[in-house]
Amino acid sequence: MLKFLTCLTTQHDLRLVLVAGLVCIAGCFTTFRLYSRMRGARGVVRAAWLLLTGLVAGSSVWATHFIAMVAFTPGLKTGYSPTGTLLSLMIAALFMASGFAVASAQRSTTNDFAGGVLIGLGVAAMHYTGMSAFVTQGHLVWEHATVGMSAILGVFGATAALVLAGQARTVRKQAIGGGLLCLGIVALHFTGMSAITIIPDASIQVPDQLLSGGILTLAVGSITAMIILGGLGAVAIESQTSRSALERIRRLANAAYEGLVVVQSGKINDANAAFCELVGADLPELVGRSLVGSILTFDEAGPTREGVRREGKIQPISGGREIPVEVFSRLMDDGARIETSGLTVLAVRDLRERRAAEEKIRYLAEHDGLTGLPNRNSLQVRLGAALDRVEASGETLSVICIDLDHFKEANDQHGHLAGDAILVETARRLQSAVQAPSFAARLGGDEFIIVQVAGGDQPTAAAELSGSLLELLSAPVVYEGQELALGSSLGVSLYPDDGRTTEALMANADMALYRAKESGRGVYRFFKREMDDTIRERRNLARDLRQGIAEDELVVHYQPLARASDGEVCGFEALVRWQHPTRGMIPPLEFIPVAEENGLIGALGDWVLRRACADAASWEKPLRIAVNLSPIQLHNPALPSLVHEVLISTGLSPSRLELEITESALFKDYQRALDNLRRLKALGVRIAMDDFGTGFSSLSTLQSFPFDKIKIDKSFVENIHRHDRATVIVRAVLGLGRSLEIPVVAEGVETEEQIVFLRGENCTELQGYAIGRPAPIDTLSAWTLAGAAPARLEGPVDLGQAPGEVKRSA
Ligand code: C2E
Ligand code: CA
Ligand code: CA
C-alpha cells in the first residue's frame, strides 16, 4: 500500500492522473448506460449495443491506462511501440465485450460474477500488454506478488461492479457499476505500476519514431472522448425514440375503449384514460397505488394467468357502486425490449352494459311477455326452490291451478285485445293476492298457477286463499267500456300429502282443476286420491270405447219432436247410446267427453250421422232427423264433404237433416266454424242452436249466422213456474226467436203445465218425455209409418210410455 502511494505521489504527474481518472469514470458510467440498453434489447439490436458497450469499455480502460502512463515520470526517456499499444486496445475491447455478454446472457449472480471475472482479467491483460509496449532507458524488474495483487484488485472491482449493478436499470445502479469498475481499473493500474522497479541502462535506446507521451495523450484523449460521447449520444437518441414510441402507444391506449392498466409488483405503473374514468381518478392519483385487492377484486381467488379471462369488480375511488368487469392480463412485451419485463398489462372491460343485457334476456326467458308473471320454465325452478325451502323450514306449501271460465268465448267474441286485457288483469289480481315467498305464474293460455308458501295450517290456508281468489276473479273485467263477465275454476294440491315433487304437485293440482271444471266451474277442488282412480277409469273406458265402436256396441235412439200447435210429431233427434258388454247401457254424457279426449269422436260422429240418415231415409213419412255435432266435428274442414257424401249414399234429402251445435262449440275457432256452417247450409242442410241459454246466449251469436232453429235448454224449461228467472228467460228466448223469425224448440218438456205455458207463449216445437222418450228405431213405427195417426197433444200426457229409456240419463 505504501509502495502504491509512493509510486502514485512521487513518480506521477498528478494533473494527468486526474485526467486519466476522469476519462475512466466517464467511460465506465457510459459503459453501464450502454450495458443497461443492451440488456433490454434482443437480436441484432442487442448485438449492436454489446459491440458499442465493449468498444466504449475497452477504449476507456485503454485510455485510462495510457494517460496514466503519460503521467508516469520515472525520470528517464520513455516511448510506446505502436503495435503493442494497438494490440492492448483490441484485447481490452474483446475482453470487455465478452465479459458483458457473459454477464447478460442470463439473469443470475453467477453470470454477473463470471462476467466480472472476465472483465477484470481483461483489464489486467490490457494493462500488461500495454506495459509490453512501454520502452524506456532501463530494465523493468517486476515484483510478481504485486502483479498478482493488481490482477486480483481488478477482478474484484469488476465483479463487484457487475454484481451490484445487476441489470443497471436505474441511473443509480449505472453509477454504482461505473464507479466500482473505475475503482478496479485504477487500483489495478497503480498497483501494477508499483510492481515495477526500473534499473537504468544507458545502452538502451528509445527510438525517436516511437509515440511520445504528449501526442499519445492528445490522441488517446480525443479518440476516447469521441467514443464515449458517441455512446452517450446513442443512448440519448435511443431513449428519445423510445419515449416518442411510448407517447404514441399512450395515445393509442387512450383511444382504446377498454381500460388498460400497467402494474409492476402489484402497484399501478400506468393506465389509460378509459381506466381512469372507470376508477374515477386521475392518472397521478393512481400511480403507485396497489391495484388488486383494493381497487380491483376478483370474484374467485387464484393466480392471474396470462391470457386467462377473470371476472371481478372495480370499486371506484370516487365512490359509487361497484362495477363488474372482466380482466385479461398479459406480460408487457414489445418484442425488441425486455426491460419492460416485470410489467403486467391488465385489460379491464366494463361489464355493466353486458350484464344489463343479460339481465334483460334472463327476464324475458323467465317471464311471460304479456303479463310479466314468471312463465312455465321459471315456475319449475321457483317451485323447486320453494319445495327445498319448506322442507327445511317446516312451512306448508300448496299449488293452486287456476283456469278462467269462458275465456275462449270472450277472446273469440271480443277479439284478442280483449283477451289480452283479461289476462293482464287476471295476472294483476293474482299478484295482489299473494306475498313473497308465495308467487303467481302463468302456464300459458288462460292457465295460471299460484304457489302458496304459508306459515299456517293446511288445508285451511289453501282453502282461504282459493276462496278469495274465486271472488277476486269473479269481478268482471272492464274492456273499452264493456264489462266482460268471467269466472274461474281452481284445483289445489298440498305438499307433502299430494306429492313431494314439482311434477307430482302440478299434475295433481291439474287433476283437481279438471274436477272443479267438471263439477260446474266457479269452484275450487282439493286433490283427492280417488281422482287418480277416476283418471285410470277413464283410460279404461277410452280403450273399451275404441273397441266398442269397432264391434258395433253403439246404438242410436230417437226422441220425437212435436209441433206445439197441434202436437204432431215432425221429427226426431238422434241420441247415441253405448251398450257396454259388461257395464250395460252407458249414457252419452259419460262417453262423449272420453271420445273427444281420445280422438274417437270423429269415427263415432261419422257413424251416428250415417246410421241416423240411413234410418231416417227408411221412414215412410219424410220426417226430419236431428243429429248432434261435437265441437271437434264442427271444426273439421272435411265435415261438409262428409255430410254431402252421407246424404248421397243414404239417399236422404238434405232438407230433412238438421245438425245441432252448441254455442260454445262455435267459439274454439269462430271463423272456421262459421265457414263450415255456411258450406253445410249451402248443401241445403238445416242448422239448430242447441242448449241455448247455457253458454253466452248472446244475441250476436244468433245474428252472426242464420240458424234454422233455437233449442231452449231443458234446465230452463224444467224450472218454468218454479223460478221466476227461468220463466223470464224462456219468454225472452221465445220473443227473440219471434223477432229474428227463427223457430224455437223447448227441450225437456215433462209436464202438462209446461206444455200449456209454452203453447201460450207461441213456442214452435216441443221435445221431452211428455212427447216421447228416446227409443230404439223399431219402436217408432207408430209415428213413422205413412198411415199412422198423428200424435196429438190433447188430454193428459202419459209419462214414461215410450220404451228404451236411458236410466242413467243426465
Ligand atoms: P242434448 O242434445 O241436449 O240431448 C237431449 C238430452 O236430454 C238427451 O240426453 C235426452 O235423453 C234428454 N232428455 C230428453 N227429454 C228429456 C226430459 O223430458 N227430461 C230430461 N231430464 N231429459 C230429457 P242424452 O241422450 O243423455 O244426451 C245427452 C247429451 O249427449 C245430448 O244433449 C247431446 O249433447 C249429447 N249427445 C247425445 N248423442 C250424441 C251424438 O250422437 N253426438 C254428439 N256429439 N253428442 C251427442
Ligand atoms: Ca241435442
Ligand atoms: Ca239440448
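Residues numbered from 1 in each chain as written. Chains lettered and ligands numbered in written order. Predicted model: local features only at pLDDT ≥ 70, side-chain atom pairs only at ≥ 80, totals over all residues. Heavy atoms only, no water.

1. Some remarks on the site of ligand 1
- Around ligand 1 there are 23 residues in total, and Q559, R577, K714, E750 and Y769 lie nearest to it.
- D691 places a polar side-chain atom, nitrogen or oxygen, 3.3 Å from an oxygen atom of ligand 1.
- In this structure, an oxygen atom belonging to ligand 1 sits 2.9 Å away from a main-chain N or O atom of Y769.
- Contributing elements (two or more residues each) for the shell around ligand 1: β19 (569-580), α18 (588-597) and β23 (686-692).
- Of the residues forming the shell around ligand 1, the biggest block, 4 residues, is contributed by β19.
- Each residue belonging to the shell around ligand 1 can be placed in one class, and the counts come to 10 nonpolar, 6 polar and 7 charged. (Near = heavy atom within 4 Å. Polar contact = N/O pair within 3.5 Å; in protein donor to acceptor, adjacent residues only side chain to side chain. Helix = DSSP H or I, 4+ residues; strand = E, 2+ residues; numbered from the N terminus. Nonpolar A, V, L, I, M, F, W, Y, C, P; charged D, E, K, R; others polar.)

2. Description of the coordination of the calcium ion (ligand 2)
- Here the calcium ion (ligand 2) is held by E573 (OE), N628 (OD1), E660 (OE) and D690 (OD), and the distances to it run 2.1 to 2.3 Å.
- In the primary structure, the donors to the calcium ion (ligand 2) are separated according to the pattern E-x54-N-x31-E-x29-D.
- Separation of the calcium ion (ligand 2) from the calcium ion (ligand 3) amounts to 3.8 Å, with D690 serving as a shared donor to the pair. Taken as a pair, E573 in strand β19 and N628 in strand β21 (residues 624-628) lie far apart in primary sequence, 55 residues in all.
- Exposure remark for E573: the relative accessible area of 4% places this residue in the buried category.
- Relative accessible area serves as the criterion here: at 29%, N628 is assigned to the partly exposed category. (Donors = N, O, S within 2.8 Å, 3.2 Å for Na, K, Ca; no water. Buried < 20%, exposed > 50% of the residue type's maximum accessible area, 1.4 Å probe, protein only.)

3. Focus on a positive patch on the surface
- Residues R107, R169, R172 and K173 make up a contiguous surface patch of positive charge.
- Since its relative accessible area comes to 61%, R107 is described here as exposed. (Patch = residues over 30% accessible without salt bridge, like charges linked within 9 Å, V, L, I, M, F, W, Y side chains within 5 Å. Areas by Shrake-Rupley, 256 points an atom, 1.4 Å probe, with all protein chains shown as cover. Salt bridge = Lys/Arg side-chain N within 4 Å of Asp/Glu carboxyl O. Lys, Arg positive; Asp, Glu negative; His and termini not counted. Charge placed at Lys NZ, Arg CZ, Asp CG, Glu CD.)

4. A look at the sheet that holds strand β13 (residues 447-454)
- On the basis of which strands lie adjacent, the open sheet formed by 5 strands has the order β12-β13-β11-β16-β17 and mixed pairing. Strands with a single pairing partner mark the edges of an open sheet, and in this sheet they are β12 (439-444) and β17 (524-526). Within this sheet the neighbouring strands show an average axis-to-axis angle of 20°, counted without direction.
- The pairing of β12 with β13 spans 5 bridges and is classified as antiparallel. Across the sheet, residue F439 finds its bridge partner in β13, namely V451.
- Across the sheet, helix α14 (residues 416-433) lies against β11 (396-405), β12 and β13, angled at about 5° from β13, the strand it touches most. (Pairing = 2+ DSSP bridges. Axes fitted to C-alpha atoms, helices over the stretch in contact; angles between N-to-C directions. Contact = heavy atoms within 4.5 Å.)

5. So, the coordination of the calcium ion (ligand 3)
- Around the calcium ion (ligand 3), the protein contributes the donor atoms D690 (OD), D691 (OD), E747 (OE) and E747 (OE), at 2.1 to 2.4 Å from the metal centre.
- Binding-site remark: the calcium ion (ligand 3) is held by donors from one chain whose sequence spacing is D-D-x55-E.

6. Details of the packing of aromatic side chains
- Under the counting rule described, the total for this entry stands at 14 aromatic pairs.
- On the basis of an interplanar angle of 80° and a centroid distance of 5.7 Å, the ring pair of Y558 and W619 is categorised as edge-to-face. One end of the pair, Y558, is in strand β18 (residues 554-563); the other, W619, is in the loop between α19 (601-618) and β21, with 61 residues separating them in the sequence.
- Three or more aromatic residues link up through ring pairs in this structure, and these residues are W62, F66, F72, Y80 and F134.
- The ring of F439 carries R382 above its face, with NZ or CZ at 5.7 Å from the centroid.
- One cation-aromatic arrangement involves R773 over Y769; the distance from NZ or CZ to the ring centre is 3.8 Å. (Phe/Tyr/Trp six-rings, centres within 6.5 Å; stacked < 30°, edge-to-face > 60°. Lys NZ or Arg CZ within 6 Å of the ring centre and 35° of its normal.)

7. Notes on the pairing of β11
- Summarising burial for β11: 10 of the 10 residues are buried, a large majority.
- Residues T396, S398, I400, I402 and L404 of β11 are buried on one face, and the alternating residues L397, V399, C401, D403 and D405, pointing to the opposite face, are buried as well.
- Bridge count between β11 and β13: 8 bridges; the pairing is antiparallel. Bridged to V399 within β13 is V451.
- Where β11 meets strand β16 (residues 487-495), 9 bridges bridge the pair, whose relative direction is antiparallel. Its bridge partner being in β16, I402 is matched across the sheet by L490.

8. A word on the environment of I549
- Counting through the fold element by element, I549 comes out in helix α17 (residues 529-550).
- Separated by 129 residues in sequence, I549 and D420 have C-alpha atoms that sit 41 Å apart.
- The residues contacting I549, other than those within four sequence positions of it, are L554, L600 and L604.

9. Comments concerning the nonpolar core
- Formed by 78 residues in total, the largest nonpolar core has its most connected members in I625, L657, L659, L666, L677 and L758.
- Of the residues forming this core, the biggest block, 7 residues, is contributed by α19.
- Residues within four places of L657 in sequence aside, it is in contact with L609, C613, I625, V627, V643, L647, L652, V685 and R686.
- C7, A57, M69 and A103 belong to the second largest nonpolar core, which has 55 residues in total. (Core = buried A, V, L, I, M, F, W, Y, C linked by side-chain atoms within 4.5 Å.)

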